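Coordinates in review
In case you want the letters, here they are:
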Amino acid sequence: MTTKLVCLLVVVVFAAAATVGAGELKVGYYEKTCKDVEKVVNSIVVDSVKGNRGKGAGLVRLLFHDCFVRGCDASVLLEKSEVNRRPEKDSGANIGIRGMDVIDAIKAALEERCPNTVSCADIIAYAARDAARYLSRGGVDFAVPAGRLAGVVSRSRDADTYLPDAASNLTDLVRNFRRKNFTVEELVILSGAHSIGVTHCTSFSGRLTAPASQINPGYRSLLVSKCGGVSPTPSSNPTVVNNVRDEDAAAVARSLPAFVPRLRKAKDYMDNSYYHNNLAKAVTFHADWALLTGKEARGHVVEYAKNGTLWNLDFADALVKLSKLPMPAGSKGEIRAKCSAVNYHH
Ligand code: HEM
């Protein structure tokens, strides 16, 4: 056989999507096939997040939005195409999704190093871990089991169905998380990710007129001033930081003077401040505040407000569990050449 023919056969074998079994994921999965893969990912993530901490928030959210919809299969990364006019990205639930440029840069570096080897779904999991570790100054850390494949299906309506709505009440949130086998405690733990990042005003518009029993009136006026009124629209839709601690000092001094001592120089710092903010009714989403409305969930909010180290550990465990959500049985999986598109044969 000529070398050319052998190469062609190898390409054909790699290009064919396999049916995914319930294979075990493994820490160090690429040890033999792509040495130092985690070092490459980490260095690109750290460089990007140093330049723009918001990208780190985007990467953490990307893991959630990938895994809650058809399992961790990189379906959230697929762009619109001739054959798929409404991928997950198009769903309103994916408003503001970011960090894909970091994933693309990692994929390009890894393709150069070890072509056709590292899946985009594993890259999302590694990158989310590295972003969380960086933004928490090492507090949130864990080993990432790998060996996922990227899927070939991505439908906006699946994201509509499976991603939680920011206006949800506690019953809806608990149901949404239980469907993926997550407990009330894990819902509370994972919601703590809202200590970082930003949100569009339309994602919490109901909060702009919510009663004082649900939102600190000072915080509400701060949000109203940031959003330019109580009725943001998709065409006039600024973003606001998720963590009041990251707000600009002048605005906080004006609307919420009691919070001035909470302000920090380091923005987008991942920690348990979300729980303190929540107990003070200074969180962006109705779904955040709703955690105070049930005895069990509220108990966990109090628990994590008191113990930041425990939250770091439990958040790490919850991210590992999230990262193991499998694709639906019988799904096709592959190593994509580019994370934003399925391979040619589809
Ligand atoms: C519990 C139900 C949840 C709801 C209803 C929810 C909803 C939202 C919404 C509406 C946004 C803002 C989108 C925008 O307007 O730009 C957001 C941002 C964010 N969410 Fe959640 N989320 C939930 C759980 C989670 C979980 C489990 C994680 C990760 C483990 C997470 C991580 C983030 C992060 C990091 C951001 C900021 C992203 C950025 O700045 O780019 N969220 N979330």
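Residues numbered from 1 in each chain as written. Predicted model: local features only at pLDDT ≥ 70, side-chain atom pairs only at ≥ 80, totals over all residues. Heavy atoms only, no water.

1. Looking at the packing of aromatic side chains
Short version of the rule: Under the pairing criterion, centres of Phe, Tyr and Trp rings, with the six-membered ring standing for Trp, must be within 6.5 Å; the plane angle then separates stacked pairs below 30 degrees from edge-to-face pairs above 60, leaving the rest tilted. Should the NZ of a Lys or the CZ of an Arg lie within 6 Å of a ring centre and within 35 degrees of the ring normal, that charge is described as sitting over the ring.
Considering all chains together, one arrives at ten aromatic pairs under this definition. One aromatic cluster is present, formed by Y274, Y275, Y304, W311 and F315 through successive ring pairs. One residue, K180, lies across the ring of Y162, its end atom 4.3 Å from the ring centre. One Lys or Arg, R262, reaches over the ring of F259 and ends 4.2 Å from the middle of that ring.

2. Overview of the coordination of the iron atom of the ligand
Filter applied, for reference: Each metal site lists N, O and S donors within 2.8 Å (3.2 Å for Na, K and Ca). With water left out of the atoms, a site can look as if it is missing ligands. The numbering of helices and of strands both runs from the N terminus, where a helix is a DSSP run of H or I of at least 4 residues and a strand a run of E of at least 2.
Protein coordination of the iron atom of the ligand rests on one atom only, H194 (NE2), at 2.1 Å. Mapped onto the elements of the fold, H194 is located in the loop between α8 (184–191) and β5 (198–200).

3. Considering the domain arrangement of the protein chain
Convention followed: Those domain boundaries reflect an automatic or database domain assignment. Contacts between residues were defined by any pair of non-hydrogen atoms, one from each residue, lying within 4.5 Å. Using a 1.4 Å probe, buried area is obtained as the accessible area two parts lose upon being combined, added over both of them.
Examined at the domain level, the protein chain breaks down into domain 1 (7–163 + 322–334) and domain 2 (170–321). Once you take the C-alpha centre of each, domain 1 and domain 2 turn out to be 26 Å apart. The interface is formed by 27 residues belonging to domain 1 together with 26 residues belonging to domain 2. Note on domain 1 versus domain 2: buried area summed over both sides is about 2200 Å², and carbon and sulfur give 66% of it.

4. Remarks on the sheet that holds strand β7 (residues 332–334)
In plain terms, the rule: Strands were regarded as paired on the criterion that DSSP finds at least two bridges between them.
In spatial order, the strands read β1-β7-β4; together these three strands make up an open sheet with antiparallel pairing. Edge positions in the open sheet fall to β1 (18–19) and β4 (150–151), since each of these has one partner strand only. In this sheet, β7 lies alongside β1 in antiparallel orientation, the contact comprising two bridges. Of the residues in β7, the one forming a bridge with A18 is G333.

5. Points about the site of the ligand
We count it as follows: By convention in this text, a residue qualifies as near a molecule or strand provided that one of its non-hydrogen atoms is within 4 Å of it. Any N or O atom pair separated by 3.5 Å or less is treated as a polar contact, with the protein-specific requirement of one donor-capable and one acceptor-capable atom, and with residues adjacent in sequence counted only for side-chain atom pairs. Using protein atoms alone on a 1 Å grid, points that fit a 1.4 Å probe yet trap it form a cavity, whereas open point sets bounded by protein on both sides within 12 Å along at least five of seven lines form a pocket; residues with an atom within 4 Å of a point count as lining. Pocket or cavity membership: a molecule qualifies when more than half of its atoms sit within 2 Å of the grid points of that site. Gly is put with the polar residues, along with every residue not named as nonpolar or charged; the nonpolar set is Ala, Val, Leu, Ile, Met, Phe, Trp, Tyr, Cys and Pro, and the charged set is Asp, Glu, Lys and Arg.
In the neighbourhood of the ligand, 27 residues make up the surrounding shell, with R98, H194, V198, H200 and S203 lying closest. T199 is positioned such that a nitrogen or oxygen atom in its side chain is 3.4 Å from an oxygen atom of the ligand. One of the side-chain N or O atoms of H200 is found 2.7 Å from an oxygen atom in the ligand. Under a 2 Å grid-point criterion requiring more than half of the atoms, the pocket assigned to the ligand is the largest pocket. Breaking the shell around the ligand down by element, the ones donating at least two residues are α3 (53–67), α7 (170–178), α8 and β5. Looking at the shell around the ligand element by element, the count peaks at four residues for α3. By residue class, the composition of the shell around the ligand is 15 nonpolar, nine polar and three charged. Structurally, the shell around the ligand is a two-domain feature, drawing no fewer than three residues from each of domain 1 (7–163 + 322–334) and domain 2 (170–321).

6. Observations concerning the nonpolar core
Keep this limit in mind: Here, nonpolar core means buried Ala, Val, Leu, Ile, Met, Phe, Trp, Tyr and Cys residues that are tied together by side-chain atoms lying within 4.5 Å of each other. The rule is simple: take the accessible area with a 1.4 Å probe, protein chains only, and divide by the maximum for that residue type; under 20% is buried, over 50% is exposed, in between is partly exposed.
In terms of nonpolar packing, the biggest core is built from 99 residues, with L77 and F315 touching the most fellow members. Among the elements that take part in this core, helix α5 (residues 120–135) stands out by supplying eleven residues, more than any other. When we break this core down by domain, the ones giving at least three residues each are domain 1 (7–163 + 322–334) and domain 2 (170–321). Not counting residues within four places of it along the chain, the set of residues in contact with L77 comprises L62, K89, M100, I103, C120, I124, R336, C339 and S340.

7. Overview of the state of the cysteines
Selection criterion: Note on terminology: pairs of cysteine sulfur atoms within 2.5 Å are recorded as disulfides.
Per the counting criterion, the structure on display carries four disulfides. The partner cysteine of C67 in its disulfide is C72, sulfur to sulfur 2.1 Å. Disulfide C67-C72: the torsion about the S-S bond is 120 degrees, which places it as right-handed. Each member of the pair, C67 together with C72, is buried. The disulfide partner of C201 is C227, and the gap between their sulfur atoms is 2.0 Å. Of note, the bridge from C201 to C227 carries an S-S torsion of about -90 degrees and is left-handed in sense. Here C227 lies in helix α9 (residues 217–227) and C201 lies in the loop between β5 and α9, a separation of 26 residues in the sequence. C227 matches C201 in its accessibility class, with the two residues each being buried. The connectivity of the disulfides in the protein chain is 1-4, 2-3, 5-8, 6-7, where the numbers refer to bonded cysteines in sequence order.

8. Comments concerning the UniProt feature "site: Transition state stabilizer" (unreviewed entry) in the protein chain
Quick reminder of the rule: UniProt positions are given in the numbering used here, feature names are shortened, and annotations may be inferred rather than shown by experiment.
Taking the UniProt record as the reference, the feature "site: Transition state stabilizer" (unreviewed entry) is found at R61. Following the sequence through the fold, R61 ends up in helix α3. Once residues within four sequence positions are removed from consideration, R61 is found in contact with A93, N94, I95, G96 and I97.

9. Description of unusual backbone geometry
Of note, the phi angle at N116 is positive, near 55 degrees, even though the residue is not glycine. With respect to the helices and strands, N116 occurs in the loop between α4 (100–113) and α5. Taking the relative accessible area as the measure of exposure, N116 reaches 26% and is therefore partly exposed. Although it is not a glycine, N181 sits at a positive phi angle of roughly 70 degrees. Secondary-structure assignment places N181 in the loop between α7 and α8.

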